[in-house]
Each structure stands twice: as structure tokens, then as C-alpha cells.
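# Coordinates in review
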Amino acid sequence: MEVLEYGKKNAETVLLQMVDDNDLKTMEQEVALIRENAGEDFRLLACRVSDWNLCLSPWKAPAVFGRQDFGGGAKDTLRELLDICPENAKICYIGGYSLAGLFALWAAYQADRFQGVAAASPSMWFPGFTEYMRAHELRYGNIYLSLGDKEEKARNPVMATVGDRIREADLLLREQGKNCILEWNQGNHFQDAGVRTAKAFSWVMRQEVR
């Protein structure tokens, strides 16, 4: 896992984000927006993984688009991520976009290291994930969810369930007493990923740690 650092090196607030090459193209913009909107110093660790479907999927599942199945390697990725998280970090948020957003939400069920989740356009269509959420409960309660208003209109029948699944997740988290917000953005899944992720991190950073 390659780690790229942004923000203030010794900041006590650390943001962890799983990224790919497309995310890295807009990282400077994302960091600038977080700095502008969050109002506090932070250190962002962008963790680049080479095999998205393998490293970020919580369990194995058949391919939904393309030919590559999901390999269920998230446990190994999370273990490595926890080793990367600085010991001096007083507050640690995890977030990401698309499958990285789903990974961030799943990771918060696995470890009590994260005080907030910034899940921008997460892949809530992932098979079995909302069922997993019903059977488990997060320890911490600040969760940001978002989706583009055209994402549930996808031609792929599995991916088209993302709107229903994210509404279910939002309702479930609220019923469990979590401080959760679901924000709708204009456009499809491939629009403004960096901006949406910045909005997600900014929101959780502005919340009182619960």
C-alpha cells in the first residue's frame, strides 16, 4: 500500500482515505476544500491500493460490472491501515468514494479507531451489505452518506439498487441513534468525486465526537 500525505504533518486530527489513480488527480482540490470548510488543521493519509475489487470488498462476491469478481480482501487492507494510522492521532476519521466509501463504512463496524465515517457515493449496492448493517451496530455515531441523484438510474440492475440501499442504511443508522446525514448531489456516479469526498470529510469534522 502506497501512502501519500497531505495537510499538516503533526496535526492531531487524521483523515484516512483509500484512493486510486483517479482520486489522486483531484486530491489537491479535495484537500483545499476540506481546509476551507472544516476550519481545523488535519493530516490526510491517502492510501493507494492497486486492486480495488480485491482490497476493498468486505467479502467475496461475483462481478457486477466487467469480469473481475470481488475478492473479499478488506480485512487484510484494514489491518494494514490500522498499522499506518499515527499513534499520536487524537481523532481519526475514515472515508472514501465509491467502493472506498463502502470500505470506510464497513471498517467502522470492525474497529473502534474511527470517530466518524465520510462515505461519499458508497457502493451500497454491494451484495449483502445492508443485511450486514442490520446485524451489527457501530460504536461511534457520526456518519455522512451521499449519493448522486442519477446514480439509482443506472442500467445495471444491481447498481440501480443503490438508492434504495442507501436510504435503508440512513434510516437504520438513525434508528440506532447515530448522528447520520444523507446528502443528495446532482449528477451520476462519475461527477465531482473529489468535491463530494471533501464535503463528506468536512461534515464529520464539524460534528462533536460521540
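Residues numbered from 1 in each chain as written. Predicted model: local features only at pLDDT ≥ 70, side-chain atom pairs only at ≥ 80, totals over all residues. Heavy atoms only, no water.

### Side note on the overall build of the protein chain
Of the regular secondary structure elements, the protein chain holds eight helices and nine strands. Relative to the 2.2 N^0.38 estimate, which gives 17 Å for 210 residues, the radius of gyration of the protein chain is 16 Å and therefore close to what a compact globule would have. Here the protein chain holds 210 residues, and 52% of them are scored as buried. Accessible area of the protein chain: about 9700 Å², with a carbon and sulfur share of 45%. Computing the positive centroid from 25 side-chain charges and the negative centroid from 30, the protein chain places the two 2 Å apart. (Helix = DSSP H or I, 4+ residues; strand = E, 2+ residues; numbered from the N terminus. Rg over C-alpha atoms; globule rule 2.2 N^0.38 Å. Buried < 20%, exposed > 50% of the residue type's maximum accessible area, 1.4 Å probe, protein only. Areas by Shrake-Rupley, 256 points an atom, 1.4 Å probe, with all protein chains shown as cover. Lys, Arg positive; Asp, Glu negative; His and termini not counted. Charge placed at Lys NZ, Arg CZ, Asp CG, Glu CD.)

### Some points on the pattern of salt bridges
Oppositely charged side chains are able to pair whenever their charged atoms sit close together. For the coordinates displayed, the defined rule picks out 15 salt bridges. Between Glu137 and Lys178 there is a salt bridge, with its nearest N and O atoms 3.4 Å apart. Of this pair, Glu137 sits in the loop between α6 (129-135) and β8 (142-148) while Lys178 sits in the loop between α7 (162-175) and β9 (179-185), and the two are 41 residues apart along the sequence. Lys178 gets classed as buried once you look at its relative accessible area, which sits at 13%. (Salt bridge = Lys/Arg side-chain N within 4 Å of Asp/Glu carboxyl O.)

### Overview of the side chain of Glu151
Secondary-structure assignment places Glu151 in the loop between β8 and α7. For Glu151, the side chain forms a polar contact with the main-chain nitrogen of Gly148, separated by 2.7 Å. (Polar contact = N/O pair within 3.5 Å; in protein donor to acceptor, adjacent residues only side chain to side chain.)

### Some points on unusual backbone geometry
Residues other than glycine seldom take positive phi values, yet Ser98 does so here, at roughly 65°. Its location among the elements puts Ser98 in the loop between β6 (91-97) and α5 (99-110). Since its relative accessible area comes to 15%, Ser98 is described here as buried.

### Quick word on the pairing of strand β7 (residues 116-120)
Where burial is concerned, most of β7 is hidden: five out of the five residues are buried. Of the two faces of β7, the one carrying Gly116, Ala118 and Ala120 and the one carrying Val117 and Ala119 are both buried. Each parallel crossover has a hand, and the one from β6 via α5 to β7 is right-handed. Here β7 pairs with β8 via three bridges, running parallel. Looking across to β8, one finds that Ala119 is bridged to Leu145. Tracing the backbone out of β7, into α6 and back to the parallel element β8 gives a crossover that is right-handed. (Right-handed = clockwise from strand over helix to strand, strands pointing away. Pairing = 2+ DSSP bridges.)

### Focus on the packing of aromatic side chains
Overall, the coordinates contain ten aromatic pairs when judged by the stated rule. Here Phe103 and Trp106 contribute two aromatic rings whose centre-to-centre distance is 5.8 Å and whose plane-to-plane angle is 40°, an arrangement assigned as tilted. Residue Phe103 and its partner Trp106 are both found in helix α5; the two are separated by three residues, about one turn of the helix. On the numbers, 6.4 Å between centres and 40° between planes, the contact of Trp125 with Phe126 is tilted. Residue Phe126 is classed as buried on the basis of its relative accessible area, which comes to 1%. Joined through ring pairs, the aromatic side chains of Trp59, Phe70, Tyr109, Trp125, Phe126, Phe129 and Tyr132 make up one cluster. (Phe/Tyr/Trp six-rings, centres within 6.5 Å; stacked < 30°, edge-to-face > 60°.)

### Observations regarding the nonpolar core
Nonpolar side chains in soluble globular proteins generally cluster together in the buried interior. Core analysis: the biggest nonpolar cluster contains 50 residues, and Leu16, Ile94, Phe103, Leu105, Met124, Met133 and Leu145 have the highest contact counts within it. Considering every element that reaches this core, the biggest residue donor is α5, with ten residues. Look past the residues within four positions of Met124 in its chain and what remains in contact with it is Leu102, Leu105, Phe129, Thr130, Met133, Val162, Arg165, Ile166 and Ala169. Of all hydrophobic cores here, the second largest spans 21 residues; its members include Phe42, Tyr93, Ala120 and Met205. (Core = buried A, V, L, I, M, F, W, Y, C linked by side-chain atoms within 4.5 Å. Contact = heavy atoms within 4.5 Å.)

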